[in-house]
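An overview of the molecular structure
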Amino acid sequence: MVTCDYMTVKGNAFCKMSDDYIRRHHMHDVKDHQCSSSLVKHIKAPVHLVWSLVRRFDQPQRYKPFVSRCIVQGGLQIGSVREVNVKSGLPATTSTERLELLDDEEHIFRMTIVGGDHRLKNYSSIITVHAEVIDGRPGTVVIESFVVDVPDGNTKDETCYFVEALIKCNLKSLANVSERLAVQDRTEPIDRI
């Protein structure tokens, strides 16, 4: 399914440009009672700007519109835990999340939800950030994948639809913030050779 510049990837249907990244970094061990999906977003900003936002486990509110506050225990290291306050309008007020992987060389970020007053049980997310050229300028492809339990009373499709809607909002906001920063940074066109 393609919506705007989002590509939702399920099962073995891979976007040609991103299929290698998805196979390498976004394959989840999905159980029968879980759903999983990958979303791809192209951003007109260089990878270093986008990564500078994604990697900030301690400041998700810089681009995630549903986060009002974040308090981290343990600094920015693997195993650190953050308590996130969620803005009203969502069926939650808090989420407790653990940093599982932060790779600044490969641009890989992985976190799991370990608590909170919501229905996202056994949720795990991976975000990877990759350089590309968009309209002759440095750009970025961001891939976010997840796996989560399907709550009682919901179907896999309903659960995936809900989580994908949240991720799409986050990726749209990430693009807006990154592209504003890129304009201020005045990145130069890449020669087409």
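Residues numbered from 1 in each chain as written. Predicted model: local features only at pLDDT ≥ 70, side-chain atom pairs only at ≥ 80, totals over all residues. Heavy atoms only, no water.

Basically, it comes down to this: UniProt positions are given in the numbering used here, feature names are shortened, and annotations may be inferred rather than shown by experiment.
The name that an unreviewed UniProt entry assigns to the protein chain is Abscisic acid receptor PYL10, with the source organism given as Hevea brasiliensis. Turning to the protein chain, the UniProt annotation filed under Sequence similarities (unreviewed entry) states: "Belongs to the PYR/PYL/RCAR abscisic acid intracellular receptor family."

Concerning the overall build of the protein chain
Spelled out, the test is: Only DSSP runs of H or I covering at least 4 residues are called helices, and only runs of E covering at least 2 are called strands; the numbering of each starts at the N terminus. Per-residue accessibility, obtained with a 1.4 Å probe over protein chains only, is compared with the maximum for each type, and a residue is labelled buried under 20%, exposed over 50%, and partly exposed between these values. Each accessible area value is a Shrake-Rupley result obtained with a 1.4 Å probe; residue values ignore everything except the protein chains displayed when judging cover.
From N to C terminus, the protein chain includes three helices and nine strands. When the helices and strands of the protein chain are read in sequence order from the N terminus, they spell out β-β-α-β-α-β-β-β-β-β-β-α. Relative to its full complement of 193 residues, the protein chain shows a buried share of 47%. Within the structure as shown, the protein chain displays about 10,200 Å² of accessible surface, and the carbon and sulfur contribution to it stands at 51%.

Considerations on helix H2 (residues 47-54)
Taking burial as the measure, the eight residues of H2 include six buried ones, the bulk of the element. Every buried residue of H2 is accounted for by Val47, Leu49, Val50, Trp51, Leu53 and Val54.

Focus on the nonpolar core
This is how the line gets drawn: In these notes, a set of buried Ala, Val, Leu, Ile, Met, Phe, Trp, Tyr and Cys residues joined through side-chain atoms within 4.5 Å is what counts as a nonpolar core. Whether two residues are in contact is decided by their heavy atoms, any of which lying within 4.5 Å being enough.
Core analysis: the biggest nonpolar cluster contains 33 residues, and Val54, Phe109, Tyr123, Phe146 and Leu174 have the highest contact counts within it. Elements supplying a minimum of two residues to this core: strand E3 (34-43), H2, strand E6 (94-103), strand E7 (108-116), strand E8 (124-134), strand E9 (137-149) and helix H3 (156-185). Considering every element that reaches this core, the biggest residue donor is H3, with eight residues. In this structure Phe146 touches His28, Cys35, Ser36, Ser37, Leu39, Tyr123, Ser124, Ser125, Cys160, Val163, Glu164 and Ile167, once residues within four positions along its chain are discounted.

Observations regarding the pairing of E3
As a reminder of what qualifies: A pair of strands is treated as paired once DSSP finds two or more bridges between them.
Burial analysis of E3 places eight of its ten residues in the buried class, which makes it a mostly covered element. Pairing of E3 with E9, which is carried by ten bridges, proceeds in the antiparallel orientation. Counterpart to Ser38 in the pairing with E9 is Ser145.

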